Amino acid sequence: MTPETAAAIHAAAFADGRPWTASEIADLIASPNTYLTAQDAAGFALWRAVAGEAELLAIAVSPDRQGHGIGAALMQDWMQAARALADTAFLEVAHDNVRACALYARCGFVEVARRTGYYARPQGRADALVLRAALRAVPS
Ligand SMILES: CC(C)(COP(=O)(O)OP(=O)(O)OC[C@H]1O[C@@H](n2cnc3c(N)ncnc32)[C@H](O)[C@@H]1OP(=O)(O)O)[C@@H](O)C(=O)NCCC(=O)NCCS
C-alpha cells in the first residue's frame with residue numbers, strides 16, 4: 001500500500017481528527033523499526049517494535065469497508081508479525097471509540113492506564129486508555 005492510499009484511508013476513517021499526510025506516513029514507514037501492515041486497499045495498521053515492546057501507532061479501515069472483518073484481520077496480521085520482535089504490545093484508544101475498544105478486547109488487550117480527559121470532544125472530553133496485550137505466552 002502506498003503512503004498516498006494510507007493517507008486517504010486515514011482521512012476518511014478519522015473524519016473528525018487531523019488526517020496524517022502521505023508524507024508523514026512515508027516518513028514513519030521509512031523510520032527504523034516501523035512497519036505497515038495492509039489489507040488490499042481497504043485498511044492498514046502502522047506499528048513499531050522497539051526493545052521487546054510493540055506499539056500500534058494507527059489502524060484504519062475505509063468507512064465503506066468497515067464491519068466486515070478487515071480490522072480484525074489487520075490486528076491478527078500485525079500482532080503475528082510483532083510476535084517475532086516483541087513480547088508485549090501496547091496501544092492507545094479513546095474510551096468512547098466503542099468499535100475499536102471491542103476489537104482490541106477481542107484481541108486480548110486490557111486496560112493498564114487511563115489519561116482522564118485526554119481527547120477534546122465537541123461535548124466535553126474523552127479519556128485515553130492505554131491497553132496492553134501479551135504477544136508471547138509465558139513459559140510455565
Ligand atoms: C476500528 C476499525 C479499525 C475496525 O475495523 P473494522 O474492519 O470495522 O472491524 P471488524 O469488521 O473487523 O470488526 C471487528 C470488531 O469490531 C467490533 N465492531 C464491529 N462493528 C461494530 C459496531 N457497529 N459497533 C460496535 N462494535 C463493532 C466487533 O467487536 C467486531 O468483531 P465481531 O463483529 O466479529 O464481533 C475501524 O472501525 C476504523 O477504521 N475506525 C476508525 C479509525 C479508528 O477509530 N481507529 C482506531 C483508533 S485507536
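That block above? That's the structure.
Residues numbered from 1 in each chain as written. Predicted model: local features only at pLDDT ≥ 70, side-chain atom pairs only at ≥ 80, totals over all residues. Heavy atoms only, no water.

Caption draft 1: Local environment of the overall build of the chain. On a plain count of helices and strands, the chain comes out with four helices and six strands. A compact globule built from 140 residues would reach a C-alpha radius of gyration of about 14 Å, and the chain, at 15 Å, matches this within 12%. Expressed as lengths along the three principal axes of its C-alpha atoms, the size of the chain is roughly 45 × 35 × 30 Å. Considering only intrachain contacts with a sequence separation of at least 6, the fraction spanning at least 24 residues in the chain is 52%. Accessible area of the chain: about 7900 Å², with a carbon and sulfur share of 52%. Across the chain, the 12 positively charged side chains and the 14 negatively charged ones have centroids separated by 5 Å. (Helix = DSSP H or I, 4+ residues; strand = E, 2+ residues; numbered from the N terminus. Rg over C-alpha atoms; globule rule 2.2 N^0.38 Å. Contact = heavy atoms within 4.5 Å. Areas by Shrake-Rupley, 256 points an atom, 1.4 Å probe, with all protein chains shown as cover. Lys, Arg positive; Asp, Glu negative; His and termini not counted. Charge placed at Lys NZ, Arg CZ, Asp CG, Glu CD.)

Caption draft 2: Representation of the site of the ligand. Close contacts around the ligand come from 21 residues, with Gly-69, Gly-71, Ala-72, Asn-97 and Arg-106 the closest. Residue Gly-69 places a main-chain N or O atom 2.7 Å away from an oxygen atom belonging to the ligand. Side-chain polar atom of Arg-106 to an oxygen atom of the ligand: 2.6 Å apart, as the coordinates give it. Counting atoms within 2 Å of the grid points, the majority share of the ligand lands in the largest pocket. Secondary structure elements with two or more residues in the shell around the ligand: β3 (52-61), α3 (70-82), β4 (86-94) and α4 (98-106). Sort the elements by how many residues they give to the shell around the ligand and α4 lands first, with six residues. Partitioning the shell around the ligand into residue classes produces twelve nonpolar, six polar and three charged. (Near = heavy atom within 4 Å. Polar contact = N/O pair within 3.5 Å; in protein donor to acceptor, adjacent residues only side chain to side chain. 1 Å grid on protein atoms, 1.4 Å probe; cavity = no way out; pocket = protein on both sides within 12 Å on 5 of 7 lines; lining within 4 Å. Sits in = over half its atoms within 2 Å of the grid points. Nonpolar A, V, L, I, M, F, W, Y, C, P; charged D, E, K, R; others polar.)

Interpretation note: all reported values are geometric properties and have no functional meaning in isolation.
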